[in-house]
Amino acid sequence: MSSLIKDLKITIKSCKLVQPLETHERRSMFLSNIDQVLNFNVERVHFFDANLDFNIECVADKLEFAFRTLLSSYDFIAGRLNFNTQEKRLEIDCNAAGAVFVVAESELTIAEIGDLEYPNPAFAQLVVKIECMEAEDKPLCAIQVTSFKCGAIAMGTTNNHTTMDGVSFKVFFESLASLVSGKPLGFTPISDRRSFAARSPPRVEFTHPELTQILKDHHQTDQTLIDSTSSNLEFKLYQLSQKDINNLKGKARNQGKEGPWITTFNVVTALVWICKALATTSKDKTDKISMIFYAVDLRSRLQPPLPNSYTGNAVLTAYAKATYDQLENEPFGFIVELLHQGVARLTEEYARSVIDWGELHKGYPKGDIFVSSWLKLGTMEVEFPWGRPKYNGPVVHPNKDIILLTPQMKGKKKECGVNAILALPPRDIPHFETLFHKLLLI
């Protein structure tokens, strides 16, 4: 999309560190082996239509007070990441050093910035760039509230992924909205991560082809799940309507077995896996294996299950693998079932084996494609006094290995589809799109 606005004409009105309203005794918080490989920031933007009863000053005051109140319960988010040299692992120093709160304004209207669903790199101007701050005192969380000339508002949130996963963020976001509305928190967050501590001694009871050991001359802080070194890529947004998704489900049933695994996520992921793998591979490598990763929530897979108040990372990467020849020639239903098998593999016993492997080898998942799904997070349903977000989603950065799945804006549509967002080398785009449209045909 060549007409993307690159400069949102942002002026920072205020930038401050905010501390919890109530502080607790300083402590060091254990981070699990799941947390250890997630030392990168997640940036989201939540867009709200104008509300005449809430100008930017009112919104900023309410948000700042609610944020400080929430930090009293989420004390670790006001802390700092620390590498414990004795234990040789990351931990959080819960020192109440504070989080960042920024108020900004744009000279543009929200209509002038264009399609909110399209992955515009300029949306990075709507979030605080934590990674640019001093390493020794780098905050773990930030909120930036930006007003547009039309009265619309963008709330940009940034958090280090070690603090919480998407499900925990949804609860955090709901709690923030409750406090802004003058309601009390419904529960006390559980931040103890020892539910995911390695066993003693560690027991690796499965093979783990999805995991790669960190090089001996690197600290765990140097290598993570996300490789952000991709360059010379072009962002693309592919929209699938509910009709497209229903057609893909029908194709999976007709070309495979009937089963509960024929879900929206599985059929869309199968589609983009096939297209991405085949568009980027030469014909002479059909026997090469492609491995795809996707996150699976462990909360309901543990005995006893984790409560909704658990705040942390309770996800692991499931994987599926196939040769390029299989991706090109096997029935669509076969590929969908491979994705289901990856989820079924992630029992509590398998998850414990992954965690113990991390204790022994200090590694992380490494594959060809990682699918990050925002389809069921539900943050667009969170109600603030000034309304629900008209759209929210991740701030995207070019990475050839990552595919984002986000829900489409509701607008006036009764049924919403799915957006697939990815970055491709320009030479691969024509082949990808040919495969994409071919597979959408019944």
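Reading guide: rules and limits
- Residues numbered from 1 in each chain as written.
- Predicted model: local features only at pLDDT ≥ 70, side-chain atom pairs only at ≥ 80, totals over all residues.
- Heavy atoms only, no water.
- Phe/Tyr/Trp six-rings, centres within 6.5 Å; stacked < 30°, edge-to-face > 60°.
- Helix = DSSP H or I, 4+ residues; strand = E, 2+ residues; numbered from the N terminus.
- Lys NZ or Arg CZ within 6 Å of the ring centre and 35° of its normal.
- Buried < 20%, exposed > 50% of the residue type's maximum accessible area, 1.4 Å probe, protein only.
- Contact = heavy atoms within 4.5 Å.
- Expected span 1.5 Å × (residues − 1).
- Pairing = 2+ DSSP bridges.
- Axes fitted to C-alpha atoms, helices over the stretch in contact; angles between N-to-C directions.
- Salt bridge = Lys/Arg side-chain N within 4 Å of Asp/Glu carboxyl O.
- 1 Å grid on protein atoms, 1.4 Å probe; cavity = no way out; pocket = protein on both sides within 12 Å on 5 of 7 lines; lining within 4 Å.
- Points joined across faces, edges and corners; volume = space filled by probe spheres on them.
- Nonpolar A, V, L, I, M, F, W, Y, C, P; charged D, E, K, R; others polar.
- Core = buried A, V, L, I, M, F, W, Y, C linked by side-chain atoms within 4.5 Å.
- Parallel < 35°, antiparallel > 145°, perpendicular 65-115°, else oblique.
- Left-handed = near helix turned anticlockwise from the far one by under 90°.

**A look at the packing of aromatic side chains**
Per the stated rule, a full pass over the model turns up 16 aromatic pairs. Geometrically, the ring pair formed by Tyr74 and Phe172 is edge-to-face, given 5.0 Å between the ring centres and 90 degrees between the ring planes. Of this pair, Tyr74 sits in the loop between helix H2 (56-73) and strand S4 (80-84) while Phe172 sits in helix H3 (residues 166-180), and the two are 98 residues apart along the sequence. These aromatic residues form a ring-pair network of at least three members: Phe48, Phe54, Tyr74, Phe76, Phe169, Phe172, Phe173, Phe384 and Trp386. Taking the ring centre of Phe169 as reference, the NZ or CZ of Arg44 above it sits at 3.6 Å.

**Here's the deal with the environment of Trp386**
Along the chain, Trp386 falls in the loop between strand S14 (369-373) and strand S15 (391-394). Overall, the relative accessible area of 5% leaves Trp386 in the buried class. With residues up to four places along the chain from it excluded, the contact list for Trp386 reads Phe48, Asn51, Phe54, Val59, Leu63, Met155 and Val180.

**Section: helix H4 (residues 242-254)**
For H4, spanning 13 residues, the distance from its first C-alpha to its last is 18 Å, which sits close to the expected 18 Å at 1.5 Å a residue. Every buried residue of H4 is accounted for by Gln242, Asp244, Ile245, Leu248, Lys249, Gly250, Lys251 and Ala252.

**Considerations on the sheet that holds strand S1 (residues 10-18)**
Backbone-to-backbone hydrogen bonds join strands into a sheet, with any given pair of strands oriented parallel or antiparallel. The strand order across the open sheet built from six strands is S1-S6-S7-S8-S3-S15, with neighbouring strands paired in mixed fashion. The sheet terminates laterally at S1 and S15, the two strands that pair on one side only. Averaged over neighbouring strand pairs, the angle between their axes works out to 15 degrees when direction is ignored. Judged from the four bridges that link them, strand S3 (residues 41-48) and S15 form a sheet pairing that is antiparallel. Across the sheet, residue His46 finds its bridge partner in S15, namely Asn392.

**Examining unusual backbone geometry**
Of all residues except glycine, most have a negative phi; of all peptide bonds, most are trans. Residue Pro201 follows Ser200 across a cis peptide bond; omega there is 0 degrees. Within the secondary structure, Pro201 sits in the loop between H3 and strand S9 (211-213). Of note, the amide linkage connecting Gln303 to Pro304 takes the cis form, showing an omega dihedral of -5 degrees. Residue placement: Pro304 occurs in the loop between strand S11 (289-297) and strand S12 (315-323). Phi at Lys9 takes a positive value of approximately 55 degrees, unusual for a residue other than glycine.

**A word on the pattern of salt bridges**
Any two side chains of opposite charge can pair, given that their charged atoms come close. Applying the stated criterion across every chain, the model contains 23 salt bridges. For Arg27, the salt bridge identified is with Asp75, shortest N-O distance 2.9 Å. Of this pair, Arg27 sits in strand S2 (residues 27-30) while Asp75 sits in the loop between H2 and S4, and the two are 48 residues apart along the sequence. Of the residues examined, Arg27 reaches a relative accessible area of 30% and is grouped as partly exposed. Of the residues examined, Asp75 reaches a relative accessible area of 10% and is grouped as buried.

**A short note on empty space enclosed by the protein**
Taken as a whole, this structure holds two cavities of 30 Å³ or more when the rule is applied. Along its surface, the second largest cavity is lined by 14 residues, and Leu116, Phe123, Tyr391, Gly393 and Pro394 are the ones closest to its centre. Elements supplying a minimum of two residues to the lining of the second largest cavity: S3 and S15. In terms of residues, the lining of the second largest cavity owes the most to one element, S15, which gives three residues. Residues belonging to the lining of the second largest cavity are distributed by class as follows: 11 nonpolar, two polar and one charged.

**Remarks on the nonpolar core**
One finds Phe196, Val267 and Trp273 to be the most contacted residues of the largest nonpolar core, which totals 82 residues. The biggest single contributor to this core is helix H5 (residues 264-279), with 12 residues.

**Examining helix H8 (residues 348-361)**
Its 14 residues give H8 an end-to-end C-alpha distance of 20 Å, which sits within 8% of 20 Å, the value for a rise of 1.5 Å per residue. Of all 14 residues making up H8, 10 are buried, and the element is well covered by its neighbours. Among the residues of H8, Glu348, Tyr350, Ala351, Arg352, Ser353, Val354, Ile355, Asp356, Trp357 and Gly358 are the ones counted as buried. Those residues of H8 that are buried lie in contact with helix H1 (33-36), S9, S12, helix H7 (332-345) and strand S13 (363-365).

**With respect to the packing of H2 against H3**
Where H2 meets H3, the axes come as close as 9 Å, and the angle between the chain directions of the two elements is 120 degrees. As far as their axial angle goes, H3 and H2 are oblique. Two packed elements cross with a definite hand, and for H2 against H3 that hand is right-handed. Facing Lys62, Leu63, Ala66, Phe67, Thr69 and Leu70 of H2, the residues of H3 in contact are Phe172, Ser175, Leu176, Leu179 and Val180. Residue classes in the contact of H2 with H3 are distributed as eight nonpolar, two polar and one charged.

**Notes on the sheet that holds strand S5 (residues 89-94)**
Spatially, three strands are ordered S2-S5-S4 in an open sheet, and the strand pairing comes out antiparallel. Looking at strand neighbours, the two that pair on one side only are S2 and S4, the edges of this open sheet. When the angles between neighbouring strand axes are averaged without regard to direction, this sheet yields 40 degrees. Of the strand pairs in this sheet, S4 and S5 are connected by five bridges, and their pairing is antiparallel. When the bridges of S5 are listed, Arg80 appears paired with Asp93.

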